[in-house]
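# Tertiary structure, described
Take a look at the letters that make up each chain.
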Amino acid sequence: MDIFAAGVASGGLVAWLALLALRGQFWRSDCVLDPDGSELEASGAWPDVCAVVPARDEASVLSETLPTLLGQHYPGRFWIVLVDDRSSDGTGDLALDLAREYGQSERLTLVRSEALLPGWSGKLWAMAQGVRRGEAFAPEYWLFTDADIAHHPDNLAALVRQAQADRRDLVSQMVRLRCRSVWEVLLIPAFVFFFQKLYPFSWVNDPAQPTAAAAGGCILVRREALERAGGLAEVRGSLIDDCALAAAIQRSGGRLWLALSRRTRSLRPYPGLDSIWKMVARTAFTQLDYSFATLALTVGAMGFLYLAPPVLALVGLVTAQPPVALPALLAWLLMAVAYLPTLRFYEQPPWLALALPLIAVLYVAMTIDSAYRHWRGEGGAWKGRVYGGDQ
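About the thresholds
Note on numbering: residues in each chain are counted from 1, in written sequence order. In keeping with the predicted nature of the model, local features appear solely for residues at pLDDT of at least 70, side-chain atom pairs appear and are counted solely at 80 or more, and the whole-chain, interface and lining totals rest on all residues. Just so you know, side-chain values use all the structure's heavy atoms and leave hydrogens and water out. Each helix corresponds to a stretch of at least 4 residues labelled H or I by DSSP, and each strand to a stretch of at least 2 residues labelled E; elements are numbered beginning at the N terminus. We take the radius of gyration over the C-alpha atoms and set the globule estimate at 2.2 Å times the residue count to the 0.38 power. Summary of the burial criterion: residues with accessible area below 20% of their type's maximum are buried, those above 50% are exposed, and those between are partly exposed, where the area comes from a 1.4 Å probe applied to protein chains only. By definition, residues are in contact when any of their heavy atoms lie within 4.5 Å. Using a 1.4 Å probe, the Shrake-Rupley method yields the accessible areas, and only the shown protein chains count as cover for residues. Note on geometry: axes are lines fitted to C-alpha atoms, helical ones only across the stretch in contact, with angles between N-to-C directions running from 0 to 180 degrees. By definition in this entry, angles of less than 35 degrees are roughly parallel, angles greater than 145 are roughly antiparallel, angles of 65 to 115 are roughly perpendicular, and the rest are oblique. Crossing chirality is assigned from the near helix's rotation relative to the far helix, an anticlockwise turn below a right angle marking it left-handed and a clockwise turn marking it right-handed. Gly is placed with the polar residues, together with every amino acid not listed as nonpolar (Ala, Val, Leu, Ile, Met, Phe, Trp, Tyr, Cys and Pro) or charged (Asp, Glu, Lys and Arg). Source of the domain bounds: an automatic or database domain assignment. Defined here as a combined quantity, buried area equals the accessible surface (1.4 Å probe) lost by two parts on assembly, summed across both. Within 3.5 Å is the distance limit for a polar contact, defined as a pair of N or O atoms, with the added protein rule that one can donate a hydrogen and the other accept it, and that residues adjacent in sequence qualify only through two side-chain atoms. DSSP-based pairing: two strands are paired if at least 2 bridges between them are found.

## Observations regarding the overall build of the protein chain
- When helices and strands are counted, the protein chain shows 15 helices and ten strands.
- Its C-alpha atoms give the protein chain a radius of gyration of 22 Å, within 12% of the compact-globule value 21 Å for 391 residues.
- In terms of its C-alpha atoms, the protein chain occupies a principal-axis envelope of roughly 75 × 50 × 40 Å.
- Here the protein chain holds 391 residues, and the buried ones make up 57% of them.
- Within the protein chain, contacts between residues at least 6 apart in sequence are counted, and of these 80% link residues at least 24 apart.
- As presented, the protein chain carries roughly 16800 Å² of accessible surface, and 59% of it is formed by carbon and sulfur atoms.

Okay, here's the thing in structure tokens:
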């Protein structure tokens, strides 16, 4: 048992050393796309852009977020198509009222969503209707953004400049997620950390790498590239629609860019564990391609990487076994050090890095629950719709 425990502890240490050295420096949080004023100073023509905003029961945040789109400091022509996806809270009427209040009625077009077509996810069906209406403007770029996103006034200019300066067909921001409640502080930075580990930004941004990813809250995509990839119909049934869209753009020869953002923020609240749990469980099993074998491997790998080091460190210390305690402590320290840049980005206390094993256990539980819901036929429930069952 002592030899086995020492082997597991040493294996965990080697695994963390390999991750930090070989997995695209996923732990860094310095790939940031934020306006700095240089965008508007740059000369040259600004392309036409049409924003498509799918909105289902978003009245609680729309008063804070829609004005940030209406008030973009963008020198080119810019339109907004908001698709009211059969809301029950007056989202569409509120959008029209806000456009009138801010003197931007000509910029905003409201689309009342048609009934959801079979085979489409609700969000993508709403986006497709927005694209269909926005085609009348013949934009060079589409901006796909969620209704809960509050944009920096110069954010669109920054996205366009990044796309043009580096010849990128899709530019996406992982916007700053809300991090106020106790559960948000505990779990939201880790959500970003795990996402970066799964999709290292340096690999996404390297055309020589096959990794494709995007963050659905804010995606700028060249119209021609979207058409070349088959349009939104190509990914119509995807629950992880952002990464599916990025993969489709990449397969058709498009170049991607993904970065964090400090100044463009999501106002979506996650006040309790239940709300975060539902958000993760909605798509976690989808990420595993609905494979229970992959689920078992994932649970085992997460246990080996995150849970074994602190458990073996404590066991080794209590039983006075340095060959077990030392490598386990070092592995625990390495995972904590890897997590520190994300905690700094979210302005959270460094000691939370030591809690990453507990946080990982919670995410594993959410993933198992996601598989259980799928097995029960509940699929990815979201805002009154259940995917994988009746939509």
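## A look at the packing of helix α13 (residues 292–318) against helix α15 (residues 356–375)
- Between α13 and α15, the shortest axis-to-axis distance is 9 Å and the interhelical angle comes to 165 degrees. Compared by their axis directions, α13 and α15 come out roughly antiparallel. Here the hand of the crossing between α13 and α15 comes out left-handed. Between α13 and α15, the contacting residues are F292, L295, V299, M302, Y306, L307 and P310 on the first element and L356, P357, A360, V361, V364, T367, I368, A371 and W375 on the second.
- In terms of residue class, the contact of α13 with α15 is made up of 15 nonpolar, one polar and no charged.

## Points about the domain arrangement of the protein chain
- Its domain assignment divides the protein chain into domain 1 (1–26 + 284–376) and domain 2 (49–270).
- A separation of 32 Å is found between the C-alpha centroids of domain 1 and domain 2.
- For the domain 1 and domain 2 pair, buried surface summed over both sides reaches about 2500 Å², with 67% attributable to carbon and sulfur atoms.
- Looking only at domain 1, the three residues that lose the most surface to domain 2 are F26, F345 and Y346, adding up to 30% of its buried area.
- There are ten residue pairs in polar contact (both at pLDDT 80 or more) connecting domain 1 and domain 2.
- Mapped onto the side of domain 1 that touches domain 2, the elements with two or more residues apiece are α1 (2–22), α12 (284–287), α13, α14 (322–345) and α15.
- Tallying contributions element by element places α15 first for the side of domain 1 that touches domain 2, with six residues.

## Brief notes about the pairing of strand β7 (residues 218–222)
- Counting buried positions along β7 yields five of five residues, so the element is predominantly enclosed.
- Burial along β7 is two-sided: the face carrying C218, L220 and R222 and the face carrying I219 and V221 are both buried.
- Pairing analysis gives five bridges linking strand β4 (residues 141–145) to β7, with the strands arranged antiparallel. Each bridged residue has a counterpart across the sheet, and for T145 the counterpart in β7 is C218.
- Pairing between strand β6 (residues 170–176) and β7: three bridges, direction antiparallel. From the neighbouring strand, L170 faces β7, where its bridge partner is V221.

## Topic: unusual backbone geometry
- With phi around 50 degrees, Q25 is a residue other than glycine that occupies positive phi space.
- Assignment of secondary structure puts Q25 in the loop between α1 and α2 (38–41).
- A positive phi angle is found at Y290, which is not glycine, with a value near 55 degrees.
- With respect to the element layout, Y290 can be found in the loop between α12 and α13.
- Judged by its relative accessible area of 38%, Y290 is partly exposed.

## Thoughts on the environment of L317
- Note on placement: L317 falls in helix α13.
- For L317, a relative accessible area of 52% puts it in the exposed group.
- Sequence separation of L317 and L239 is 78 residues, and the distance between their C-alpha atoms is 45 Å.
- Residues within four places of L317 in sequence aside, it is in contact with A325 and L329.

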